Amino acid sequence: MRKLILTSMLALGMVVVPATAMAKPMKHAAHAMKEKTLYERLGGAPAVSAVIDDFAGRVLADTRINAKFAKSDPTRLVANLKTFVTQATGGPKVYKGQSMAAAHHNMGVTDAEFGALVEDLVATLDKFNVPAKEKGELLAALGPLGPQIVSVHSNETGGALPASFKPAPAAKK
Ligand code: HEM
């Protein structure tokens, strides 16, 4: 008899499951489904910082592109690159530097120089054993910036910095 009553109550939708009993498992399921940000998967602030330090070292030693950095303040550049990559990967910082178009204005960056910089970044990511998925996601986030940075369509590298280029003010000490 009792079973019959319960069955009929269920059929009529009369059994009320308390909201608290539902909330917990649903919260867990939602949490498990939400993938971590690229920033978190890369390893957060210490990883982004180490990656950019290594990358900046490669760029400044790369004769295909280092002439372009002759007038720029490396402290500002490295600090702004860290914040830029943090924001671009979903991390907890807001980039306050120049837009990509303004930062690279009058720099005469070629397609091949852009490619050289990406190669330097790939070499860094490989050194840090960043998995293919995260490496692909980071390159996919930065690649579309090409048109804002490249101003000369050429496969030449090692171009001099044009005299018209004005660097951003150095970082405050
Ligand atoms: C996806 C590729 C690139 C990204 C994400 C990027 C990002 C940045 C960022 C965030 C800054 C700092 C701007 C500021 O301080 O306000 C910067 C500055 C600079 N970038 Fe790039 N950049 C890229 C490609 C390149 C390439 C290909 C070159 C040259 C070959 C280059 C040369 C420079 C130089 C020289 C500065 C310093 C500008 C100044 O002193 O005012 N960048 N870049």
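Residues numbered from 1 in each chain as written. Predicted model: local features only at pLDDT ≥ 70, side-chain atom pairs only at ≥ 80, totals over all residues.

Re the site of the ligand
Okay, so step 1: Around the ligand, 22 residues are found, and the nearest of them are Ser72, Gly97, Gln98, Pro167 and Ala168.
Okay, so step 2: Mapped onto the shell around the ligand, the elements with two or more residues apiece are α5 (74-88) and α7 (111-127).
Okay, so step 3: No other element matches the five residues that α5 contributes to the shell around the ligand.
Okay, so step 4: Here the residues of the shell around the ligand are counted per class, giving 14 nonpolar, five polar and three charged. (Near = placed C-beta within 6 Å. Helix = DSSP H or I, 4+ residues; strand = E, 2+ residues; numbered from the N terminus. Nonpolar A, V, L, I, M, F, W, Y, C, P; charged D, E, K, R; others polar.)

A look at the packing of helix α4 (residues 44-61) against α5
Okay, so step 1: Between α4 and α5, whose axes approach to 10 Å, the crossing angle comes to 135 degrees. Taken together, α4 and α5 sit at an angle that is classed as oblique. Crossing geometry of α4 relative to α5 is assigned as right-handed. Contact residues: Val48, Ser49, Ile52, Asp53 and Ala56 in α4; Pro74, Leu77, Val78, Leu81, Lys82, Val85 and Thr86 in α5.
Okay, so step 2: The class makeup of the residues in the contact of α4 with α5 is eight nonpolar, two polar and two charged. (Axes fitted to C-alpha atoms, helices over the stretch in contact; angles between N-to-C directions. Parallel < 35°, antiparallel > 145°, perpendicular 65-115°, else oblique. Left-handed = near helix turned anticlockwise from the far one by under 90°. Contact = placed C-beta atoms within 7 Å.)

Digging into unusual backbone geometry
Okay, so step 1: Positive phi values are uncommon outside glycine, yet Asn106 reaches one of about 65 degrees.
Okay, so step 2: Asn106 gets classed as exposed once you count the C-beta atoms within 10 Å, which come to 12.
Okay, so step 3: Even without being a glycine, Asn129 presents a positive backbone phi close to 55 degrees.
Okay, so step 4: Along the chain, the position of Asn129 falls in the loop between α7 and α8 (132-142). (Buried ≥ 20, exposed ≤ 12 C-beta atoms within 10 Å, placed from the backbone.)

Side note on the packing of α4 against α7
Okay, so step 1: Look at α4 against α7: their axes get within 9 Å of each other, and the N-to-C directions meet at 135 degrees. If you check the angle between α4 and α7, you find them oblique. The interaxial crossing formed by α4 with α7 has right-handed handedness. Each of Val51, Asp54, Phe55, Arg58 and Val59 in α4 lies in contact with α7, whose residues at this interface are Leu117, Asp120, Leu121, Ala123, Thr124, Leu125 and Lys127.

Examining the confidence of the model for the chain
Caution is warranted with low-pLDDT regions, since their predicted coordinates should not be read in detail.
Okay, so step 1: Here the chain averages 89 in pLDDT, and 82% of its residues register 70 or above.
Okay, so step 2: In this model, residues 4-22 is a region of pLDDT below 50 whose contacts with residues beyond four sequence positions or in other chains number four contacts. (pLDDT = per-residue confidence, 0-100.)

Considerations on the nonpolar core
Okay, so step 1: Judged by nonpolar contacts, the single largest core of 18 residues is most densely connected at Val48, Val51, Ile52, Phe55 and Leu117.
Okay, so step 2: Sorting the residues of this core by element identifies α3 (38-42), α4, α5 and α7 as the ones contributing at least two each.
Okay, so step 3: With residues up to four places along the chain from it excluded, the contact list for Val51 reads Thr124, Leu125 and Phe128. (Core = buried A, V, L, I, M, F, W, Y, C linked by C-beta atoms within 7 Å.)

A few points about α7
Okay, so step 1: Over its 17 residues, α7 extends 25 Å from the first C-alpha to the last, a length consistent with the 24 Å expected when each residue adds 1.5 Å.
Okay, so step 2: What α7 keeps buried is the set Glu113, Phe114, Ala116, Leu117, Asp120, Leu121, Thr124 and Leu125.
Okay, so step 3: Looking at the buried positions of α7, the neighbouring elements they touch are α4, α8 and α9 (146-149).
Okay, so step 4: Phi turns positive, to about 55 degrees, at Asn129, one or two residues after α7. (Expected span 1.5 Å × (residues − 1).)

Notes on α4
Okay, so step 1: Here α4 spans 26 Å end to end across 18 residues, near enough to the 26 Å set by a 1.5 Å rise per residue.
Okay, so step 2: Within the span of α4, buried status applies to Val48, Val51, Ile52, Phe55 and Val59. Along the axis of α4, the buried positions cluster into a sector of 100 degrees, meaning they face one direction only. Looking at α4, the residues exposed on the side facing more than 90 degrees away from the buried face are Pro46 and Ala61.
Okay, so step 3: As for α4, its buried residues are in contact with α3, α5 and α7. (Arc of directions from axis to C-beta.)

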